[in-house]
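Chains, contacts and geometry: an overview
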Amino acid sequence: MPKPKVFVTRIIRDKGLDLVKEFCEAEIWLGDLPPSREILIEKVRGMDGLLCLLTDRIDAAVLDAAGLGLKVVSNHAVGFDNIIVAEATARGIPVGNTPGILTDATADFAFALLMAAARRVTEAERYLRAGKWQTWGPSTLLGVDMVGKTLGLVGFGRIGRAVAKRASGFDMRVIFFDPSSPAAPELNASPFASLDELLRESDFVSLHTPLTAETRHMVNADFLSKMKPTAILVNTSRGGVLDQDALYEALKANRIFGAALDVTDPEPLPLDCPLLTLENCIIAPHIASASTYSRDMMALLAAQNLIAGLKGERLPHCVNPEVYKAR
Ligand code: DGY
């Protein structure tokens with residue numbers, strides 16, 4: 001029996017890649033950069049399965065190029081805004097993602113960013129490297145205290161909750177805005193019915209919402225104007241949730257204390273982006289899930305989703321389960 005043919009759009013961790021190679025005839029894109037759109041469209045032709053990354057846009061053109069034999073699209077990420085899921089659903093193709101295993105790594109990094117912005121860690125390092133450290137100073141590089149402060153979480157899914165847990169160790173008060181999430185008394189986190197109210201009360205605001213048509217540029221000038229002038233914004237969700245021009249204006253005018261971003265729009269962020277000129281803005285290159293365990297498990301889950309789809313089985317993690325109803 002011939003093995004199913006799949007295209008894997010980058011070298012993923014062996015834990016997943018070995019499984020894919022064992023079960024499939026796999027064509028693996030070996031480049032350090034993602035395949036171009038033209039190459040993706042060419043490579044996907046006639047494939048039974050596609051294992052893609054968040055850097056690949058999967059839309060009608062890609063799915064059409066793959067053809068009627070495509071049985072599954074497996075995304076090596078929990079977020080799936082790079083895929084036009086409705087197009088896959090219309091073709092009866094299940095789409096897989098990798099939730100859960102990157103929760104702790106992402107929450108750790110969100111908290112690391114929060115603390116780095118509060119205590120001006122990257123700015124302090126730049127200060128030292130620039131030879132500005134002349135002496136210990138009572139008022140040098142003063143930051144923001146965390147104990148007793150209020151952390152406002154916008155989005156209270158797995159990652160938001162994991163951030164709440166970390167905040168409790170710092171004796172912070174945690175509030176959240178997420179109309180679809182129930183209260184979480186065990187986490188000592190209080191639901192807020194209104195985003196405006198949450199912004200008014202928060203000393204730190206951390207974003208944990210997927211990028212959708214509704215959340216695109218949710219953080220705009222109006223949102224930022226409702227934050228405290230001493231507040232810090234953290235974004236580990238998706239760059240598109242934030243209007244970067246509005247953030248630049250707010251940070252430059254010190255309308256908020258600082259921001260720390262793991263995600264930008266576009267990615268990679270062009271080096272002439274004005275945000276990079278600001279001392280009160282930390283930007284990391286989308287690495288919140290970049291821990292060994294997390295990336296090993298993302299590769300494994302992506303491979304498991306792919307193989308389940310090829311076998312005609314239900315994906316362990318499927319973002320469009322409605323495809324099964326139609327069968
Ligand atoms: C995801 O899985 O969506 C993350 O953004 C990857 O870091």
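Right, let's walk through the structure included here. (Residues numbered from 1 in each chain as written. Predicted model: local features only at pLDDT ≥ 70, side-chain atom pairs only at ≥ 80, totals over all residues. Heavy atoms only, no water.)

**As for the layout of surface pockets**
Rule in force here: In this analysis the probe radius is 1.4 Å and the grid spacing 1 Å, with only protein atoms considered; a cavity is a set of points the probe fits into but cannot get out of, a pocket is an open set with protein on both sides within 12 Å along at least five of seven lines, and lining residues have an atom within 4 Å of a point. Grid points are joined across faces, edges and corners, and a volume is the space filled by probe spheres set on the points. Polar here means any residue outside two lists: the nonpolar Ala, Val, Leu, Ile, Met, Phe, Trp, Tyr, Cys and Pro, and the charged Asp, Glu, Lys and Arg; Gly therefore counts as polar.
Computed from the structure, the second largest pocket encloses a volume of approximately 220 Å³. The wall of the second largest pocket is formed by A124, Y127, L128, W133, T135, W136, G137, T140 and L141. Among the residues forming the lining of the second largest pocket, the class breakdown is six nonpolar, three polar and no charged.

**Quick notes on the pairing of strand β4 (residues 72-75)**
Heads up, the condition is: Relative accessibility decides the category of a residue: with a 1.4 Å probe and only protein chains considered, values under 20% of the type maximum give buried, values over 50% give exposed, and everything between is partly exposed. Numbering of helices and strands starts at the N terminus; helices are DSSP runs of H or I of at least 4 residues and strands are runs of E of at least 2. Strand pairing is defined by DSSP finding a minimum of two bridges between the two strands. By convention, orient the strands away from the viewer: a clockwise path from the first strand over the helix to the second makes the crossover right-handed.
Burial of the side chains of β4 extends over both faces: V72 and S74 are buried on one face and V73 and N75 on the other. Where strand β3 (residues 49-52) meets β4, four bridges bridge the pair, whose relative direction is parallel. Within the sheet, the bridge partner assigned to G49 lies in β4 and is V72. In this view, the connection linking β3 to its parallel neighbour β4 by way of helix α3 (residues 60-66) has right-handed handedness. In this view, the connection linking β4 to its parallel neighbour strand β5 (residues 95-96) by way of helix α4 (residues 85-90) has right-handed handedness.

**Topic: the site of the ligand**
Keep this limit in mind: A single heavy atom is enough: if one lies within 4 Å of a molecule or strand, its residue is considered near that molecule or strand. Polar contact criterion, stated in full: a pair of N or O atoms within 3.5 Å, where within protein one must be able to donate a hydrogen and the other to accept it, and residues adjacent in sequence count only if both atoms are side-chain atoms. To measure how exposed things are, a 1.4 Å probe is used in the Shrake-Rupley method; for residues, cover is taken only from the protein chains shown.
Around the ligand, a shell composed of L54, A77, V78, G79, L102, R238, H286, S289 and M298 is seen. Here H286 contributes a side-chain N or O atom positioned 2.8 Å from an oxygen atom of the ligand. Between the ligand and S289 there is a distance of 2.8 Å, counted from an oxygen atom to a side-chain nitrogen or oxygen. Notes on the ligand: free accessible area 230 Å², of which the protein chains cover 91%. Grouping the amino acids of the shell around the ligand by side-chain chemistry returns five nonpolar, three polar and one charged.

**Examining the state of the cysteines**
Formally: Pairs of cysteine sulfur atoms within 2.5 Å are what we label disulfides.
Scanning the model with the defined rule gives zero disulfides in all. For C52, which is in no disulfide, the shortest distance to another cysteine sulfur is to C318 and amounts to 13 Å. With a relative accessible area of 0%, C52 lands in the buried category. According to the relative accessible area criterion, C318 is partly exposed, its value standing at 21%.

**Some remarks on the sheet that holds strand β9 (residues 204-207)**
The cut-off we apply is this: Each axis is a line fitted through C-alpha atoms, taken for helices only over the stretch in contact, and angles between the N-to-C directions span 0 to 180 degrees. Two residues qualify as a contact provided that any one of their heavy atoms is within 4.5 Å of a heavy atom in the partner residue.
Reading across the sheet, the seven strands line up as β8-β7-β6-β9-β10-β11-β12 and stay open at both edges, with parallel pairing between neighbours. Only two strands of the sheet have a single neighbouring strand rather than two, namely β8 (189-191) and β12 (281-283). Here the strands of the sheet are splayed against their neighbours by 15° on average, with no regard to which way each runs. Strands in contact with helix α5 (residues 103-118) are β6 (150-154), β9, β10 (232-235), β11 (258-261) and β12; relative to β10, the strand with the most contacts, it is inclined by about 150°.

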